[in-house]
Amino acid sequence: MTQLDISLTVNGARHELSVGPTEMLTEVLRRRLDMTGTNRDCGMGICGACTVLLDGQPVSSCILLAALADGSEITTVEGLERDGRLTAVQEAFLRHGAVQCGYCTPGFVITSTALLEENPSPSREEIVEALKGNLCRCTGYKKIVEAVEAVARAKGDGVGVS
Amino acid sequence: MPGPWTEPPGEKFALEDLEAQAHWQREYHRIVRAIREEMGADLPEAAEGVTGTVGMPLPRNDVLYKVRGRARYAANIKMADMLHCRFVRSEQAHARILRIDTTQAEAVPGVVAVLKGEEIPPDRRLIGTLTQDTPVLAVDKVRFAGEPIVAIAAETPEAAEAACLLVEVDYEPLPVIHSPEEALAADAETIDAEGNVIGDLLHEIGDLEAGLAQADVVLENEYVVESMDHAFLEPPSGLCFLDPEGVLTVLVCTQYPHYHHKQVARVTGLPLEKVRVSQTVVGGAFGGKMDNAVECALALLTLRTGRPTTATLSREEVFTSTTKRHAMTIRQKLGATKDGKLTALDVEVLSDGGAYRSYSMIVGGRCVIHTGMPYRIPNVRSHYVVAFTNYPPAGAMRSFGIVKMAFAMESQMNELAERLGLSPIEVRRRNAMVDDDKTIIGQKLWDVAYHETLDAIEPIYERLRREIAAEPTRNGRKRGIGLASLGYGIGYSGVRNPSTARMYVDAEGQVLACCGTPDIGTGSDMSLAMIAAQSAGISLHRVRVISGDSTKTDDSGPTSASRTTYFSGNAAYICGQDFKRQIEEAVAKARDLPAERVRLEDDRVLVGNDSIGFEEACALIGEGTEEICGYGKFDPDIAMDILKFSGNPYATYTFGTDMVEVEVDEELGQIDVVRAWTAHDAGTVINPVGTEGQIDGGVVMGIGQALWERCVRKDGVIANPHYRDYLMAGAKDVPLEIENTFVENKDRTGPYGAKGVAEVSLIPIPAAIASAVRHASGVWPNHLPMDAEYLYRLIAEARGKPVADAAE
Ligand code: FES
Ligand code: FES
């Protein structure tokens, strides 16, 4: 099968790769780059477990052909922390009990990070709207929404956030 | 044959090196301390520690790895030279296998091994929990579409998948049994050699006929609940390899590693000490990771090839091959006097067990034992029949069937209240179980705070009734509220299920607490660490928990039936006490003092008139720390005569009441649950963050199962094996206002007074919603799920305009 040469910048590091025409971004991240933080479940773009940032926008990496991501910047959950510290979103998820089994967590953390980047003080409706593409079977969503609200509030108070 | 592979790097939770882990542990404890300080604690001396944490809302240690994407889920673990396994699954629901031809599959480049069931010696082919009836790989007959027939290991997943497509299986179709009714028909095709009945359980107390005769009101209804999936987000996954000592090691996401340990030994013929099953981080389970999914096939392929082998099921395979919630039909009669005293209950259940036994008998037993809970009813008859069908096996799922029993029981309680003109709270109060009441099995209850849960909900109920009376519609949608209750036995039904814990320490003061029950995502390791640390009198930050490993921990039973906080929590408590005593004795010995002059508390050791830090004490004990092993075993006296249904089936019971507010769009038949309230008697709450999370999650799962979730079974297949068609709750579909109350109570038998809580909040939800729909729209739903089509028809019928059936 023809291979396609692409370049991806993942969490700041550039990778030159040769990928198959049907290879999805999730597989490239998990298998080739050994970045297993991005989980895979449905493989159909429904559950959101595989969400990454593609040039700042959250996307389901399980239905994104790696070849189509050529030249773009990808951020995965592993790429969020800075200097050995959690981001405000990660710490809020930890503190507010927004995580149980954690399988959905990378997707929610990434989606929430993108939301707050774009809209630092979202309303509850806006948060729920942003998170509607991510499934969680454990938490019932309440504490996830509360965690995102807590970050938004802290931002409003001018408390430092990364 | 020892393999060259050692265990992949990383601890149970983290896929990173020790240095990084140490850094993040410090970060974690910094956050814990910050929370303690925000709560008003003054933490002067210890650099990292906090003591006495039971009852505090603390973040979980494992979550630190999860929010960073470093959690060690099975599918995230890689080993050099690892093979990938995929399964060929039956396309037929019921058929004889005439021929399996794997020639072409074997020729696919990259394929290393092709395994058929007939290659396993006949006495090792079958596995199962109570009864060994389930083939690892089907040999001469398939009983459901999705049943595994061949397992293939290849260098890449793609090669394994390609090879699976080239396996030819010739079938001779057999008549397919679609329902338990069909299964019980006289001329039905038999699915199992022993016939189509898995179990027929009956229990009676008092005199049913007399009880019904005494009643002023007798309600008679039929309730139907469809089959559902656990829909945990992490598909079953595992990795098997031979360690340098030749121990066959399986790392797998499971609720019960010690069970798989025995099954893998059985299937491979290896002695138990040559097999190790260790639980990886589990991405949700809810009862669906009790049975074998990949473990046994991986073990056989690893032995065959000598190479590490991994497998992860696809989402479609999860829907078509793992266990399901039992579909059930419940016919029920409830009798009561004018003043609302229950006189009789007659329950007749017909349950769909699917193609193999799995946990069917355990679910059935629990349903019979719980009949009529949490009420006093003098005359009861409970008959439960479960039969085979040609659909995926029905097994354990959050509440083991009690959510369905409660759908029937609680719906009738609400209907009774309405008939008698009583409030649903009042009718429950008049029958509610209290201390010293006996269950229908004859078990005497203690520390029951069910009444208190009704008291907690009552003012909210009254307020909402008034609010809705004043404003019965909102945005064109009808408003209603409804409530329902639960009583639930914690742990296995009627058999002893002890848990044990051990604690070790090194000369640097690092403490290891080991317990067999795995953390399946609920945070049980955190609760156990809190209990063990507090009981021992040391700081939380010293304790690292190892759980769910057949070599490093004792068999403490599964994490299921809401048992871990209570059973393993008790074991951890007893263990902590023993550990503390041993430390005190060792310090006393080192200082040549009588033992009673030494006390370990608050992370310090009082030695005579001196006070030294815990680390200093451990340094003082020095090599003697190697001899310290705290041990705790909790083994309550549970005994039940299964045939007579008498005895003490559970070590304790949890009670509760849930209430929901709904808005019904009658044009669309849509129900929206807008708010929920819960009140539970969970005893002492060990970690409010974790406990609340369990309650919220149960409420939302209950909403999904009440309103949308169903495995659509058609012509012998699951017709909706994807999230696209298996509808679950998303953030937009559920109430974010869920108010939880924990009534003040302590269970004298629980660790610090705790009971179990993991399953319970789900149980009343469907009946509470049905009752709220009645309040809003005047109809009584008696079918789960109450999806839009169902409700639309129900309302239309009630209005005298039935909807014609759409052409099939
Ligand atoms: S795995 Fe990508 S959306 Fe589900
Ligand atoms: S925490 Fe388990 S799926 Fe979200």
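Residues numbered from 1 in each chain as written. Chains lettered and ligands numbered in written order. Predicted model: local features only at pLDDT ≥ 70, side-chain atom pairs only at ≥ 80, totals over all residues. Heavy atoms only, no water.

Colleague: Just checking my understanding: could you explain the overall build of chain B for this structure?
Modeller: Across its full length, chain B carries 19 helices and 34 strands. For 808 residues, the compact-globule formula gives about 28 Å, and the C-alpha radius of gyration of chain B, at 27 Å, lands near that figure. Overall size of chain B, expressed as C-alpha extent along the three principal axes, is 85 × 70 × 50 Å. Put simply, 80% of the contacts in chain B that link residues at least 6 apart link residues at least 24 apart. When the 81 basic and 117 acidic side-chain charges of chain B are each reduced to a single mean position, those positions are 2 Å apart. (Helix = DSSP H or I, 4+ residues; strand = E, 2+ residues; numbered from the N terminus. Rg over C-alpha atoms; globule rule 2.2 N^0.38 Å. Contact = heavy atoms within 4.5 Å. Lys, Arg positive; Asp, Glu negative; His and termini not counted. Charge placed at Lys NZ, Arg CZ, Asp CG, Glu CD.)

Colleague: How should the sheet that holds strand β26 (residues 629-634) of chain B be read in this particular structure?
Modeller: Sheet strands pair via backbone hydrogen bonds, and the direction of the pair is either parallel or antiparallel. Residues and elements named next belong to chain B. Reading across the sheet, the 4 strands line up as β22-β21-β20-β26 and stay open at both edges, with mixed pairing between neighbours. With one partner strand each, in any of the chains shown, β22 (543-547) and β26 form the two edges of the open sheet. In this sheet, neighbouring strand axes are inclined to one another by 20° on average, regardless of whether the strands run parallel or antiparallel. Judged from the 6 bridges that link them, strand β20 (residues 499-505) and β26 form a sheet pairing that is antiparallel. Considered in β26, the bridge of S499 is made with F634. (Pairing = 2+ DSSP bridges. Axes fitted to C-alpha atoms, helices over the stretch in contact; angles between N-to-C directions.)

Colleague: What is the right way to read the environment of R68 of chain B from this model?
Modeller: Mapped onto the elements, R68 of chain B comes out in the loop between α2 (63-66) and β1 (83-89). For R68 of chain B, a relative accessible area of 1% puts it in the buried group. Residues R68 of chain B and A14 of chain B, spaced 54 residues apart in sequence, show a C-alpha to C-alpha distance of 9.9 Å. Among all residues touching R68 of chain B, those that are not within four sequence positions of it are V77, E78, E81, L86 and Q90 of chain A together with E16 and W24 of chain B. (Buried < 20%, exposed > 50% of the residue type's maximum accessible area, 1.4 Å probe, protein only.)

Colleague: Can you walk me through the packing of aromatic side chains in this structure?
Modeller: The geometry of an aromatic ring pair is captured by two quantities: the separation of the ring centres and the angle between the planes. All names here are of chain B. For the structure shown, the criterion picks out 15 aromatic pairs over all chains. Between F144 and Y356, the aromatic rings sit 6.3 Å apart at their centres with planes inclined by 75°, giving edge-to-face as the arrangement. With F144 in the loop between β6 (141-142) and β7 (148-154) and Y356 in the loop between β16 (342-354) and α10 (360-369), this pair connects stretches of sequence that are 212 residues apart. Side by side, F144 and Y356 carry an identical accessibility label, which is buried. A ring pair is formed by F319 and Y726, whose centres lie 5.0 Å apart and whose planes are at 45°; its orientation type is tilted. On the criterion of sequence distance, the pair formed by F319 in helix α9 (residues 315-321) and Y726 in the loop between β32 (717-718) and β33 (738-742) is long-range, its members being 407 residues apart. Clustering of aromatic rings is evident, with ring pairs tying together F319, Y723 and Y726. For K289, the ring lying beneath its charged end belongs to F232, and the centroid distance is 4.4 Å. For the cation-ring pair, R713 lies above Y391, with the distance from its terminal atom to the ring centre recorded as 4.3 Å. (Phe/Tyr/Trp six-rings, centres within 6.5 Å; stacked < 30°, edge-to-face > 60°. Lys NZ or Arg CZ within 6 Å of the ring centre and 35° of its normal.)

Colleague: Mind showing me how you'd approach unusual backbone geometry here?
Modeller: Among all residues save glycine, negative phi is the norm, and among peptide bonds the norm is trans. Between M373 of chain B and the following residue, P374 of chain B, the backbone shows a cis peptide bond with an omega angle of -5°. The residue after L784 of chain B, namely P785 of chain B, is reached through a cis peptide bond having omega 0°. Structurally, P785 of chain B is set in the loop between β34 (783-784) and α19 (788-798). Not every positive phi belongs to a glycine, and N11 of chain A is a case in point at roughly 50°. Mapped onto the elements, N11 of chain A comes out in the loop between β1 (4-10) and β2 (13-19).

Colleague: How should the interface of chain B and chain A be read in this particular structure?
Modeller: Frequently, the measure chosen for interface size is the accessible area that the parts lose on association. Opposite the 63 residues of chain B that make contact, chain A presents 47 residues. Summing the contributions of chain B and of chain A, the shared interface buries around 4700 Å²; its carbon and sulfur component is 58%. For chain B, the biggest contributors to the area lost against chain A are V67, L233 and L736 of chain B; these three give 16% of the whole. Where chain B meets chain A, there are 30 residue pairs in polar contact (both at pLDDT 80 or more). For the side of chain B that touches chain A, the secondary structure elements donating two or more residues are α1 (18-38), α2, α4 (157-165), α17 (688-707) and β33 of chain B. When residues of the side of chain B that touches chain A are assigned to their parent elements, the largest contribution, 9 residues, is made by α17 of chain B. Partitioning the side of chain B that touches chain A into residue classes produces 31 nonpolar, 14 polar and 18 charged. (Buried area = accessible area lost by both parts, 1.4 Å probe. Polar contact = N/O pair within 3.5 Å; in protein donor to acceptor, adjacent residues only side chain to side chain. Nonpolar A, V, L, I, M, F, W, Y, C, P; charged D, E, K, R; others polar.)

Colleague: Looking at this structure, how should I read the side chain of Q21 of chain B?
Modeller: With respect to the element layout, Q21 of chain B can be found in helix α1. There is a polar contact of 2.9 Å between the side chain of Q21 of chain B and the backbone oxygen of E16 of chain B.

Colleague: Would you mind going over the nonpolar core with me for this structure?
Modeller: In summary, soluble globular proteins display a tendency toward joint burial of nonpolar side chains. One finds F93 of chain A together with I538, F579, I769 and M786 of chain B to be the most contacted residues of the largest nonpolar core, which totals 248 residues. When residues no more than four places from it in sequence are discounted, the contact partners of F93 of chain A are A98, V99, T105, F108, V109, S112, I144, A147 and V148 of chain A together with V67 of chain B. (Core = buried A, V, L, I, M, F, W, Y, C linked by side-chain atoms within 4.5 Å.)

Colleague: Where do I start with the domain arrangement of chain B in this structure?
Modeller: All names here are of chain B. We note that the domain assignment places domain 1 (17-69 + 497-634), domain 2 (76-174 + 236-312) and domain 3 (327-492 + 645-805) within chain B. Centre-to-centre separation of domain 2 and domain 3, based on C-alpha positions: 37 Å. At the interface, 18 residues of domain 2 touch 20 residues of domain 3. Counting each side, the surface lost to burial between domain 2 and domain 3 is near 1600 Å², with a carbon and sulfur contribution of 59%. Applying the counting criterion to the domain 2 and domain 3 interface returns 1 salt bridge. Summed over the shared surface of domain 2 and domain 3, the number is 9 residue pairs in polar contact (both at pLDDT 80 or more). Class assignment for the residues of the side of domain 2 that touches domain 3 results in 8 nonpolar, 6 polar and 4 charged. (Domains from an automatic or database assignment. Salt bridge = Lys/Arg side-chain N within 4 Å of Asp/Glu carboxyl O.)

Colleague: Looking at this model, I keep getting lost on helix α8 (residues 295-305) of chain B. Mind explaining?
Modeller: Each α-helix winds once per 3.6 residues, and so residues spaced three or four apart point in a common direction. All names here are of chain B. The buried count for α8 comes to 9 of 11 residues, which makes it a mostly enclosed element. Burial in α8 covers these residues: E295, C296, A297, L298, A299, L300, L301, T302 and T305. Immediately downstream of α8, the backbone of G306 shows phi near 70°, a positive value.

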